Every structure is written in structure tokens, then in C-alpha cells.
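Breakdown of the fold
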Amino acid sequence: MADRDKDRSSDRRKRKKEQTEYFFDYSLLFVVLFLMGFGLVMIYSASSYEAQQDFGSGTYYLRKQLVADILGLVVMMVMANIPYRFWQRFTTLAYFASLALIPVVLTSLGVESHGARRWVGIPGIGFNIQPAEVAKTCMILFLANMVCLMGKKLRTAKGLAVLIALSIPHSLAVWKITDNMSSAIIILGIAMLMIFVATPDYKRFVIMGAVAAVVVIGIVWAIFNTTIIEKLDFRGERILAWRDPEAFAQGKGFQTLQALYAIGSGGIWGKGLGQSMQKLDFIPEAQNDMIFSIICEELGLFGAIAIILMFIMLLWRMMIVANNAPDLFGALLVVGVMGHIAIQVILNIAVVTNTIPNTGISLPFISYGGSSVLFLMAEIGLVLSVAKRIQLRELV
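Note that the structure is predicted; figures quoted are calculated from it, not measured. (Residues numbered from 1 in each chain as written. Predicted model: local features only at pLDDT ≥ 70, side-chain atom pairs only at ≥ 80, totals over all residues. Heavy atoms only, no water.)

**Re the packing of aromatic side chains**
The line we're drawing: For Phe, Tyr and Trp, rings pair up if their centres lie within 6.5 Å, where Trp contributes its six-membered ring, and each pair is then called stacked (planes under 30 degrees apart), edge-to-face (over 60) or tilted (otherwise). Placement of a charge over a ring requires the Lys NZ or Arg CZ to be within 6 Å of the ring centre, with the centre-to-atom vector within 35 degrees of the ring normal.
Enumeration over the complete set of coordinates arrives at 14 aromatic pairs. Here the aromatic residues Phe-55, Tyr-60, Tyr-61 and Tyr-368 are joined through ring pairs into a cluster of three or more. Here the basic side chain of Lys-176 rests over the ring of Trp-175, its NZ or CZ set 4.1 Å away from the ring centre. In this arrangement the basic side chain of Arg-317 is found over the ring face of Trp-316, its NZ or CZ atom lying 5.0 Å from the centre.

Laid out in C-alpha cells, this is it:
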């Protein structure tokens with residue numbers, strides 16, 4: 001009799017174990033790997049001519065990006081296999097460490113490229129890290145934890161003000177110290193999106209959005225009506241070039257015009273992979289921020305829409321993970337990563353199509369940039385870690 005009860009108890013435990021499975025989002029992983037692979041193809045296509053001219057090897061940029069992608073995959077796998085709650089205890093440290101890293105660009109470790117000091121060189125390995133990318137990931141971790149700690153206090157005006165205030169130092173430091181307004185906007189955008197999702201009262205955000213819109217419209221109107229162009233900085237000139245790029249064809253409007261020529265000449269189906277003309281010294285650094293225009297020229301409207309759909313699928317899979325996350329911290333981590341990728345994709349495509357003024361924003365997983373892909377893959381690892389903790393229970 002005892003043996004029979006023991007067998008029944010063992011069967012129940014075995015059946016319970018079989019009924020509970022853990023989720024792994026292979027669709028999300030496939031989309032990320034596809035975008036990375038496609039990015040390598042397009043980086044080689046867009047940069048081979050320039051790389052041959054400058055470095056004597058058409059695969060120069062491809063090889064550097066491939067190393068960064070492999071390192072990013074390793075980081076992603078490590079992050080995916082560490083329980084995401086492990087990082088919760090280090091969020092405050094990450095916040096202050098990432099903030100302290102930004103001024104390092106002004107020291108002897110700072111690396112200057114194209115007239116801007118935005119990178120920190122790691123001695124001995126020849127790899128540069130952009131503090132702005134570190135700040136984006138650390139901001140996601142920090143705000144996800146802060147929302148959990150504040151709880152109902154976030155519903156008050158004081159609690160909301162505190163959380164918004166905590167997101168400003170990184171944006172301000174990136175803007176003023178590294179002169180990188182685009183990354184500052186992205187960091188602030190990630191923070192505001194996470195706070196918006198965590199806050200049940202949307203009225204305050206409507207008011208803040210309206211005020212911000214009025215301020216931006218006022219600045220743009222003032223620049224449009226200025227009579228002395230010499231008083232404007234390069235950002236003011238970019239806004240004027242955005243309105244009339246042909247009037248600044250030899251200056252700030254040159255890159256935008258060349259990108260528009262590339263998009264227009266691609267048509268529906270494109271000229272064919274590797275057949276772009278604008279990458280032949282017409283679009284400066286075509287493998288970076290303007291790579292979407294090369295995609296449009298070589299693969300046409302069809303290729304552009306296909307890539308946009310892949311990004312939409314990626315965000316959709318993340319939304320599913322966020323909706324089914326085991327706790328609030330995990331859900332907010334995924335929301336932060338979603339916001340990061342969505343903001344960069346939207347702004348990059350808007351810049352390339354001259355929907356907004358030109359600014360340096362890369363296309364996630366596709367544009368050339370080792371530091372960017374490394375921390376993006378770390379964030380994908382966090383999302384996969386959250387997904388792995390989702391339990392699937394079969395009904396029996």
C-alpha cells in the first residue's frame with residue numbers, strides 16, 4: 001500500500017513537471033540574427049568602395065563589424081542565461097557608473113572621430129566604447145528598478161517629478177560633454193516611455209508633450225525667420241537645410257540630398273544588391289547613419305518595407321514578452337528595450353527621408369558601429385532572459 005502511494009506521488013510530481021514548461025522566443029532570436037546578417041551584407045555593399053580607397057581592403061568595415069557582432073552574440077547568450085533579477089541589485093551602481101563614464105571622453109582615454117570626442121578607448125584591445133550607448137542600457141535597468149521601488153508614489157506629482165529628474169543628468173551630460181544631442185534625445189525618450197507605461201495617469205504626459213511641442217515649434221519658427229545665418233550653430237543650419245536642402249546643397253543639405261537621390265533612383269525593386277551609385281563617394285560614411293538610403297537604392301521600396309516589417313515583428317515579439325513577464329521589473333526591462341529600438345528606427349528613417357532635420361542616429365543591428373551593436377545585443381539578452389522565465393502551463 002505504501003509503495004502504491006509512493007508511486008502515485010511520484011507520478012503526480014512527474015506529471016506536474018511535464019505540465020510546466022519555460023518559454024524561449026525563437027522568433028525574436030531569428031529576427032535579431034536576420035537583421036545582423038543583413039546588416040553585414042549591407043555594410044559590405046555600402047562601404048567596400050570607400051574601404052578600398054582609404055584602407056586598401058574592401059572588407060575593412062565588414063571585418064570590424066563581424067568581430068563586434070560575434071562579441072555581441074556572446075554577450076547576448078551570457079545575458080540570456082543569467083536571471084534578469086540578478087541585475088536588480090546593481091542598477092544604482094550602473095546608474096552612477098554610466099554617468100561617471102561620460103566625462104572620460106575628455107581625458108587621454110577619449111577618442112576623437114570626425115571632429116567629435118564621443119568614444120572611450122579600452123587600452124590593450126583596441127576597442128572603443130561610446131558612453132552614450134552604456135547610458136541607454138543602464139538607464140533601462142535603473143528606471144525599471146526605480147519604478148518597482150516607488151510603487152504607488154509614482155502616481156503623485158512629486159514621485160513623477162523625481163523619476164523624470166533622475167533621467168535628466170545622463171541626457172544633459174551626453175549632450176553637453178560629448179556634443180551628441182541625438183543620443184541625449186534617445187536616452188530621454190527611453191526614460192519618458194518607461195515612465196509613461198508605468199504611470200496610470202496620462203494627463204500629465206499630455207500636458208508635458210504639448211509644452212514640449214510648443215517649445216520645439218517656437219525654436220524652429222525662430223530659426224526659419226532668422227536673417228543672419230552666421231549666428232546659427234550647425235544644428236540651426238541643419239534645420240534650415242531640412243526645410244530647403246537644395247539651398248544648402250554644398251553644405252548641411254548635401255548628405256540629405258544624396259540620400260534622397262538614392263531613395264528615388266531605387267524605385268520599386270531597386271538597382272540590385274551592390275549596384276548603388278550614391279555610395280561611390282556621394283554619400284559620406286554611407287555604412288553608418290545613411291545605410292537605409294543604400295538599402296532603398298539597391299533593394300528598392302520592396303526591400304525597405306521588408307526591413308521595416310522585420311523591425312515591427314521584433315517589437316511585436318517584445319510586446320508579447322512584456323505582457324507575459326513574471327513581474328513588473330521584467331516587463332519594464334522589455335519595454336525599455338522596445339523603446340530604445342523603436343525610437344532609433346523611427347528617427348533614423350525619418351532623418352534619411354528628410355522627415356526631420358539631419359542628425360546622427362544609427363539604424364539598429366544594420367548600421368556600422370561596434371559599440372552600438374554590443375549594447376543592443378546585451379539588451380536583447382535581457383529580453384530573452386525575461387522570456388525564459390515565462391512559464392507555459394498545459395491544461396490537462
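**What about a nonpolar patch on the surface?**
The condition that has to hold: Patch building starts from residues that exceed 30% relative accessible area and form no salt bridge, then joins like charges within 9 Å and nonpolar side chains (Val, Leu, Ile, Met, Phe, Trp, Tyr) within 5 Å. Methods summary: accessible areas were calculated by the Shrake-Rupley approach with a probe of 1.4 Å, and residue burial reflects only the protein chains presented. In what follows, salt bridge is the name for a side-chain nitrogen of Lys or Arg lying within 4 Å of a carboxyl oxygen of Asp or Glu. In this text, helices come from DSSP runs of H or I with a minimum length of four residues, and strands from runs of E with a minimum of two, each type numbered from the N-terminal end. Relative accessibility thresholds used throughout: buried, under 20% of the residue-type maximum; exposed, over 50%; partly exposed, between the two (1.4 Å probe, protein chains only).
Together, Ile-268, Trp-269, Leu-301, Phe-302, Ile-305, Ile-308, Leu-309 and Ile-312 give the surface a local cluster of nonpolar side chains, amounting to about 820 Å² of exposed area. Tracing the backbone shows Leu-301 in helix α11 (residues 291-323). Look at Leu-301 and you get partly exposed, because its relative accessible area is 43%.

**Thoughts on the sheet that holds strand β4 (residues 127-129)**
Operational definition: Strands are labelled as partners when DSSP assigns at least two bridges between them. Axis geometry follows a simple rule: fit a line to the C-alpha atoms, using only the stretch in contact for helices, then measure angles between N-to-C directions, giving values from 0 to 180 degrees.
Read from one edge of the open sheet, three strands run β2-β3-β4, paired in antiparallel fashion. In the strand order of this sheet, the two ends are held by β2 (110-113) and β4, each with one partner. Across this sheet, the average inter-strand angle for adjacent strands is 50°, counted without regard to direction. Inspection of the sheet shows β2 paired to strand β3 (residues 116-122) by four bridges, in the antiparallel sense. Directly across from Gly-110, in β3, lies its bridge partner Val-120.

**As for the nonpolar core**
Note the cut-off: Here, nonpolar core refers to any group of buried Ala, Val, Leu, Ile, Met, Phe, Trp, Tyr and Cys residues whose side-chain atoms link them within 4.5 Å. By definition in these notes, contact holds between two residues if any of their heavy atoms fall within 4.5 Å.
Among the nonpolar cores identified, the biggest contains 94 residues, and Phe-311, Leu-314, Met-318, Ile-341, Phe-365, Ile-366 and Ile-380 are the most heavily contacted of them. In this structure, Ile-366 is in contact with Leu-35, Phe-38, Gly-39, Ile-43, Ile-291, Ile-295, Ile-307 and Phe-311, ignoring residues within four places of it in sequence. Counting seven residues, the second largest nonpolar core, distinct from the first, contains Phe-127, Ile-129, Val-134 and Leu-374.

**Observations regarding the packing of helix α7 (residues 181-198) against helix α12 (residues 328-352)**
Note the following rule: With respect to orientation, any angle under 35 degrees is reported as roughly parallel, any angle over 145 as roughly antiparallel, any angle of 65 to 115 as roughly perpendicular, and every other angle as oblique. The hand of a helix crossing depends on one turn: near helix anticlockwise from the far one by less than a right angle means left-handed, and clockwise means right-handed.
At a minimum axis distance of 9 Å, the contact between α7 and α12 shows a crossing angle of 135°. By the angle between their directions, the pair α7 and α12 is classed as oblique. Of the two possible hands of crossing, α7 and α12 adopt the one that is right-handed. Here α7 contributes Ile-186, Gly-189, Ile-190, Leu-193, Met-194, Val-197 and Ala-198 to the contact with α12, which in turn contributes Leu-332, Val-335, Gly-336, Gly-339, His-340, Ile-343, Gln-344 and Leu-347.

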